[in-house]
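Results of the structural survey
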Amino acid sequence: MTDPTTGEQRTGAVAGPAAPASDDHTDAPPRPPFAHASEAEMARILDFYEVAWEYEPRTFPILWNLAGDVVESFSPDFYLPDLGLYLEMTTLRQRLVRKKNRKLRRLRELYPDLRVKLFYARDFRALMLKYGKLALVDALSGTPGQVMPDREPEPAAGPTPAAPSTRRSVTRRTTPAPASEARR
Amino acid sequence: MSDARDLEADVGEVLLSEDEIQARVTELGRQVSADYAGRQLTLVSVLKGSLPFMADLMRAITVPVRIDLMEVSSYGGAATESSGLVRILKDLSASIQGEDVLIVEDIIDTGLTLNYLLRYLRGKNPASLRICTLLDKPARRLVDIPVDYTGFTIPDQFVVGYGLDYGELYRNLRFVGVLRPEVYAEPA
């Protein structure tokens, strides 16, 4: 479904199988259905550095109507439990980023103890440059809807304040094979 | 991009001159020497980028030092494709159990590599474990890591030189500079 506050397409849980893992480990947990390829790439980076993560584990209400119903909410893309940090990624156009910034400010006002980092398109680009994967950014930038093609939409549903997600993945702790790739 | 002259031409702005770097490294050496006065220190350099900084810093430190080298795989290369996990490519040559250890880094940005390294080295039971980085790019930080010694805090720009590379080049520049965007916009 499309988030009415940002225009960003953000689908929910999918009934079908999760996207395949990035490698051939058979004991790896299933991947959640990421909303965007940049999120999948971030998950691979976090896995690589053995940083545990959860995908969209909570939804935070940020606006209510006079009747007390939640009319706007925010679901950060990642939660890094070992770091106590929420991570929200966006590759959106600047106009939409402003709306996301506004939501983030509201989130911080209402939940001041929450640690949230907004990862902008320029941050993702810098990360990919560092890792020599700049071509990936060009492939992802400006993709309409910001949605991976293998993800199915779920029926529209109201926000679920602070509800734990059923989509959860943590980093793998498998023994790696030898390689020759060195860090910078 | 085949010789040093061309490499310098790829740098759009000199962020830190050779003199500025040397002056700051000398200061850091004094500070480290004062903090570890009367003790022996093990410097652990994280390859490859920290090599020039390590070479200069160790000579600016006046307390007895041992040195060791580590190399950690980086995301995005062959290692990523084959395993998907970070690994130690070059481990310490000697035990650091009970030693005062100072990790010497060229740059800290996301903190992901250093976070991994810290966890790894803590498991080797050093008496103390601190961090010294030449460059800190806090705008990029994902993992909050307390840095004990920082040479320079720099803006969010892609820098090369004094050990820092792009495509394994530019490490031999004597200064730190901002790479012109058109250099990395070109196909590698």
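Shown above is the structure to which this text applies.
Here is a short report on the structure shown in this document.

Conventions and cut-offs
Residues numbered from 1 in each chain as written. Chains lettered and ligands numbered in written order. Predicted model: local features only at pLDDT ≥ 70, side-chain atom pairs only at ≥ 80, totals over all residues. Helix = DSSP H or I, 4+ residues; strand = E, 2+ residues; numbered from the N terminus. Rg over C-alpha atoms; globule rule 2.2 N^0.38 Å. Buried ≥ 20, exposed ≤ 12 C-beta atoms within 10 Å, placed from the backbone. Contact = placed C-beta atoms within 7 Å. Pairing = 2+ DSSP bridges. Core = buried A, V, L, I, M, F, W, Y, C linked by C-beta atoms within 7 Å. Right-handed = clockwise from strand over helix to strand, strands pointing away. Expected span 1.5 Å × (residues − 1). Axes fitted to C-alpha atoms, helices over the stretch in contact; angles between N-to-C directions. Parallel < 35°, antiparallel > 145°, perpendicular 65-115°, else oblique. Left-handed = near helix turned anticlockwise from the far one by under 90°. Nonpolar A, V, L, I, M, F, W, Y, C, P; charged D, E, K, R; others polar.

Attention shifts here to the overall build of chain B. Each helix and strand counted, chain B has six helices and nine strands in total. Relative to its length of 188 residues, chain B is compact, with a C-alpha radius of gyration of 17 Å against a globular reference of 16 Å. Its C-alpha atoms put chain B at 50 × 40 × 30 Å along the principal axes. Classification of the 188 residues of chain B by burial places 39% in the buried group. Long-range pairs, those at least 24 residues apart, make up 66% of the contacts in chain B with a sequence separation of at least 6.

When helices and strands are counted, chain A shows four helices and six strands. Counting from the amino terminus, helix and strand elements in chain A follow one another as α-β-β-β-β-β-α-β-α-α. A total of 184 residues make up chain A; the buried ones form 28% of that total. Considering only contacts in chain A between residues 6 or more positions apart, those separated by 24 or more positions represent 66%.

Okay, the sheet that holds strand S6 (residues 116–119) of chain A next. Pairing in this open sheet of four strands is mixed, and the strands run S1-S4-S5-S6 (chain A) from one edge to the other. Strand pairing shows two members of the sheet lacking a second neighbour, strand S1 (54–55) and S6 of chain A, which therefore form its edges.

Turning our eyes to something else, we now look at the nonpolar core. By size, the foremost hydrophobic cluster in this structure holds 67 residues, and its most contacted members are Tyr 49 of chain A together with Leu 102, Ile 103, Val 104, Cys 132 and Val 160 of chain B. At six residues, strand S5 (residues 100–108) of chain B tops the list of elements feeding residues into this core. Of all hydrophobic cores here, the second largest spans five residues; its members include Phe 60, Ile 62, Phe 74 and Leu 107 of chain A.

Further remarks concern helix H3 (residues 51–60) of chain B. Among the residues of H3 of chain B, Pro 52, Phe 53, Met 54 and Leu 57 of chain B are the ones counted as buried. The inward-facing, buried residues of H3 of chain B contact helix H2 (18–35), strand S2 (41–47), S5 and strand S6 (128–136) of chain B.

This part takes up the pairing of strand S3 (residues 65–72) of chain B. Residues and elements named next belong to chain B. Strand direction decides the pairing type here: S2 and S3, joined by seven bridges, are parallel. Of the residues in S3, the one forming a bridge with Thr 42 is Arg 66. Chirality of the crossover, the property in question, places the unit of S2, H3 and S3 among those that are right-handed. For S3 and strand S4 (residues 88–90), the ladder comprises two bridges, and the chain directions are antiparallel. Note on S4: the bridge partner recorded for Glu 71 is Lys 90.

Further remarks concern helix H1 (residues 37–48) of chain A. All names here are of chain A. With twelve residues, H1 extends 16 Å from end C-alpha to end C-alpha; this agrees with the ideal 16 Å at 1.5 Å per step. Summarising burial for H1: nine of the twelve residues are buried, a large majority. Among the residues of H1, Ser 38, Glu 39, Glu 41, Met 42, Ala 43, Ile 45, Leu 46, Asp 47 and Phe 48 are the ones counted as buried. With its phi angle positive at about 55 degrees, Glu 50 sits one or two positions after the end of H1.

Note that strand S1 (residues 11–16) of chain B and strand S9 (residues 176–179) of chain B share four bridges and pair antiparallel. From the neighbouring strand, Val 14 of chain B faces S9 of chain B, where its bridge partner is Gly 177 of chain B.

Another aspect to go through is the sheet that holds strand S7 (residues 149–153) of chain B. Residues and elements named next belong to chain B. Taken in spatial order, the six strands line up as S4-S3-S2-S5-S6-S7 in an open sheet, and their pairing is mixed. At either margin of the open sheet sits one strand with a lone partner, and together these are S4 and S7. Each strand axis lies, on average, 30 degrees off the axis of its neighbour in the sheet, ignoring direction.

Residues and elements named next belong to chain B. Here Val 44 shows up in strand S2. It is 4.8 Å that separates the C-alpha atoms of Val 44 and Ile 103, two residues lying 59 residues apart in sequence. Other than its neighbours up to four places away in sequence, Val 44 contacts Asp 68, Met 70, Leu 92, Val 101, Ile 103 and Val 104.

As a further point, take the packing of H2 of chain B against H3 of chain B. Residue and element names in this part refer to chain B. The geometry of H2 relative to H3 is characterised by a closest axis approach of 8 Å and an angle of 50 degrees between their N-to-C directions. As summarised for this structure, H2 and H3 are arranged oblique, according to the angle between their axes. Classified by chirality, the crossing of H3 by H2 is right-handed. Between H2 and H3, the contacting residues are Gln 22, Val 25, Thr 26, Leu 28 and Gly 29 on the first element and Phe 53, Asp 56, Leu 57 and Ala 60 on the second. The residue inventory of the contact of H2 with H3, partitioned by class, reads five nonpolar, three polar and one charged.

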